[in-house]
Every structure is written in C-alpha cells, then in structure tokens.
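Spelled out, the chains give:
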Amino acid sequence: MAERPPGKGGPEEGTPEYDWLYGKGGKGSPPAGSADATRMVPTRGRSGEPERPDETRVMPTQPRTSSGGGRPPGGPTRSATPAPPPRPKEQRTRPRFRFGIVKLLVLVWLVFMLAVPFWAWSKVDKIDAMPADEGRPDEQGGNTYLIVGSDSRDDLTEAEREELGTGGEVGQRTDTIMLLHTGDGPNMLMSIPRDSIVSIPGYGEGNKVNAAFAYGGPQLLIRTLENETGIRIDDYIEIGFGGFVGMVDAVGGVEICPRTAMKDPDANLDIPKGCQEADGKTALGYARSRKTYAELGDIDRARAQREVVSAIGDKALSVWTFLNPVRYYQLAMASSGSFSVSEGTSPISLGRFALAMTRVDGDSGLTCGVPIQDLAVTWDEERSEELFSYIREDDTASIPDSLCTPSGMPRG
C-alpha cells in the first residue's frame, strides 16, 4: 500500500503527541513491563477451559417473547405447552344463543300481557249510566261500585236461553244488586235484595228496588240507591247472563257450597249438598234460582251471588291465569263481552274492582247483606243507617260484626 503523505490522513508514528497510541520508540509493541504499554486484559474462559486473552467473548442471549408465539432467530429452542384446540363454533355460541331466545320469549310474554287487556278494554261496552250531578251526594273517600247482574237475554241465542233455563225475551230487570266499597279499610261487598222496598224518584214509595232499573235503567237505579243510602256511587258495572257464564267457564269453573241439595227445573239446576266445582251453567243456576231458597228467599240468593262473584274474582287473579296464555286470553275476551261499564270508568278503576273482588271474604274483606228487620227484606232503619255511615266515611275497619251479617239480620 502506498504511504500516505505527511500531514494528511491519520496520526503519524513517532509524533510525540501520539505516543499514547503507538508508544515510545515508534512502530511495534512497547517493551513488556513498560508503563506506557497498552495492556491486554485477559478474559476468563468457561469453567475448565484455559484463559484466552485474545478471544472475543460471546455472551449468551435470552430468547425474545413475542405475541406471535415464535422464537427469535438463532435463539435456543424451548418446549412450550401446546394450546388447547379451539372449540367448535356452535359450542361457543350456543349459551349466548339460548340466552337470546329466553330474552325474546320474556319480551313477547310482556307484550302479550299488556296488549290483551288493552284489546279487551277496547271492546267493553261503555254506557251513559251516571245521573246528573244535581242532587247527588258529595264526593266521598274511597271508591264505591254498583254491580248489577242484569237478566237481559239480549246476548243469548234461543238455544242458549233454553240450555241455561233463562226463559224468553223479557224487559230490562236486575237479578243482582251489590255495592262494593274500596278504600282505607277492608273491602266490603254488600248485597241489596232485589225485593227491597224503596222510594223511586218520580214513581213514589212502596216500590221494589229492581223496578227502578226497569223504569229508568242504571241512571234511575243509581239515583234511587244514593237517595236511600246517602252513599255516592263512583262506577257502574253491569254483567249479563251470557257474560256471567263465559267468565266462569274462562277460569275453569268455580267452587260453590250449597247448604242443601238444590233442584230447580226452571234454572236447569240439579246439584247435591256440599262444596263442589261448578261450570258456568251450574253457577248461573245456583246464583239465580228462586224456588230452592224457600227459607230465606232473596236473602239466600244474594248470599249465593256474592259467593259466586267472589269465586270468579279469586280465580281470575290467580297465578295460573297469568302463566297460562290461553286462559288469560279467554278470560279477557269473555270479560270484555260480559261487562258494560259507565262512561268515565277507567281501565285502572276496573282493575281495582277485579282485585277487590278477590278480597271480600275472610280476614281480607267483609261480605254483608243490607241490614233488615224481617224476612220481607224491610230495611232496619237504625242499623242500616249506621252501616251506611261507615261506608260514607270510608271507615269499613270500624264496622262491628253486629252490622255486617251475611243475611242482614241481627246476629243471635
């Protein structure tokens, strides 16, 4: 190789300021032991090997970890636990799929439970039942319903009239009259015998209360009862023969407990004594038969009517009704064709009525006949007025047992 010219390139040998690099004395290695000599640092070999001063050491490397799971080039091969094989796609998605189906079914059920009552409500007959406010009692605590079982046959075919023993077409009459009061105290269901003697506005005294319905429909009946009792009626509910039978059959029948064997060809009724399940036809005959209640007549009929109406309400709001969509739908449709309600009665008010009808027996409610003084169903003026005052004041919790009796007669 040609020598580089002086002054150019790297530092020259023999130049004093570069003796630290080349050592004194020019080319070559400095003498051994010289203080200016550059010392070679010996390296330590592996265990059992001699030290080799000029060997370049190779440091051990650690394999890199990577998200891809591979090993770095040149690194040592390490054994790894094999990953479990992936589950089939259908196994991974089945639990989520099943949970989605459950949520869908719950949603459908909720929509069904809400839609059916609204659909049924749209088919309920609303009638102008309330009289003009002039002369009516003031607003009172709680809510009082007038329940009328009409003996109208308009909703029955000729074959149905023959099967149920209702007779032919007749004028408008009431077969059942009851007041249901709900409020702060226990619910109270009070029967008013249809043969009760009252004063009917425009028709004078000495008339039977069911004549008010025949003369002027629900408006005159409400006016008559409000005048006689001083209780303001808030909602009116009318049930026909066909609707009564339909509701009983929709809930799968009700339990009745006749005190004696009952046989009434006019009502197509022939049943033994004791508690038993009754279908709609039998329950209707049991509630309206006149010939078999010879001892107490209209009083026993009223008691049987309260028994059946309460049993319908109890089964209608049972858990099974809400779990069985077929029964739920059939009951809603039967009820929509059974009821006529006063204009202004809301679905919520009708719902409270249905709920209250399940709580009128035993410790949860009261069932009474209007207080009477004889079997001719003449009202006991003193006792009846006392009972009516508790209702007007929405204080059914304070009604003594002596006033609330099934027959209306004093106890003892």
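Residue indices follow the written sequence of each chain, beginning from 1 at its first position. Whole-chain, interface and lining totals are the exception, using all residues; otherwise, since this is a predicted model, local features are given only for residues with pLDDT of at least 70 and side-chain atom pairs are given and counted only at 80 or more. With hydrogens and water stripped out, all remaining heavy atoms of the structure feed into the side-chain values.

Asker: Would you mind showing me how to read helix α10 (residues 347-356) here?
Answerer: Residues that lie three or four places apart on an α-helix share one face, since the helix turns once every 3.6 residues. When we look at burial in α10, the residues that qualify are S349, L350, F353 and A356. The buried residues of α10 occupy one face: seen down the axis, they fall within an arc of 120 degrees. Burial status follows relative accessibility: with a 1.4 Å probe on protein chains alone, a residue under 20% of its type maximum counts as buried, one over 50% as exposed, and anything between as partly exposed. Comment: elements are numbered from the N terminus, with helices defined as DSSP H or I runs of at least four residues and strands as E runs of at least two. Here the arc refers to the set of directions running from the helix axis out to each C-beta atom.

Asker: Any chance you could explain the pattern of salt bridges here in plain terms?
Answerer: A side chain with one charge may pair with a side chain of the opposite charge, provided their charged atoms come close. Salt bridge, as used here, is a side-chain nitrogen of Lys or Arg placed within 4 Å of a carboxyl oxygen of Asp or Glu. One pass over the full model with this rule turns up 8 salt bridges. Note that D195 is salt-bridged to K208, the shortest N-O span being 3.7 Å. Taken together, the residues span a long stretch of sequence, with D195 in the loop between β4 (187-191) and β5 (197-200) and K208 in strand β6 (residues 204-208) at a distance of 13 residues. Residues participating in the shared-partner salt-bridge network are D133, R136, E139, E226 and R232.

Asker: Is there a simple way to explain the packing of aromatic side chains in this structure?
Answerer: One pair of aromatic rings is described through two measures. These are the centre distance and the angle between the planes. Working definition: rings of Phe, Tyr and Trp (its six-membered ring) pair if their centres are within 6.5 Å, and the pair is stacked with planes under 30 degrees apart, edge-to-face with planes over 60 apart, and tilted otherwise. For the structure shown, the criterion picks out 5 aromatic pairs. The interplanar angle of 45 degrees and the centroid separation of 5.7 Å between the aromatic rings of F322 and Y328 together place this pair among those described as tilted. What makes Y328 buried here is its relative accessible area of 11%. Here the aromatic residues F112, F322 and Y328 are joined through ring pairs into a cluster of three or more.

Asker: What exactly am I supposed to notice about unusual backbone geometry here?
Answerer: Phi angles above zero are rare outside glycine, and D394 is one such case at about 55 degrees. Secondary-structure assignment places D394 in the segment after α11 (381-392).

Asker: Hey, could you run me through the state of the cysteines in this one?
Answerer: Covalently bonding the sulfur atom of one cysteine to the sulfur atom of another cysteine gives a disulfide. Disulfides are defined as pairs of cysteine sulfur atoms found within 2.5 Å of each other. Across all of its chains, the model carries 2 disulfides by this definition. Each sulfur of the disulfide joining C257 and C275 lies 2.1 Å from the other. With the S-S dihedral at roughly 105 degrees, the linkage between C257 and C275 falls on the right-handed side. Taken together, the residues span a long stretch of sequence, with C257 in the loop between β8 (254-256) and β9 (262-264) and C275 in the loop between β10 (269-271) and β11 (276-278) at a distance of 18 residues. You can call C275 exposed: its relative accessible area is 52%. With a sulfur-sulfur separation of 1.8 Å, C368 is cross-linked through a disulfide to C404. Judged by the sign of its S-S torsion, about -90 degrees, the cystine formed by C368 and C404 is left-handed. Placement of C368 in strand β13 (residues 365-369) and of C404 in the segment after α11 is noted, with a sequence separation of 36 residues between them.

Asker: Looking at this structure, how should I read a nonpolar patch on the surface?
Answerer: Only residues whose relative accessible area exceeds 30% and that take part in no salt bridge are eligible for patches, with like-charged residues grouped when within 9 Å of each other and nonpolar side chains (Val, Leu, Ile, Met, Phe, Trp, Tyr) grouped when within 5 Å. Here the Shrake-Rupley method, with its probe set to 1.4 Å, supplies the accessible areas, and only the displayed protein chains count as covering residues. Taken together, I101, L104, L105, L107, V108 and V111 make up a surface patch of nonpolar side chains, about 550 Å² in accessible area. Looking at the secondary structure, you find L105 in helix α2 (residues 89-123). The exposure class of L105 is exposed, given its relative accessible area of 55%.

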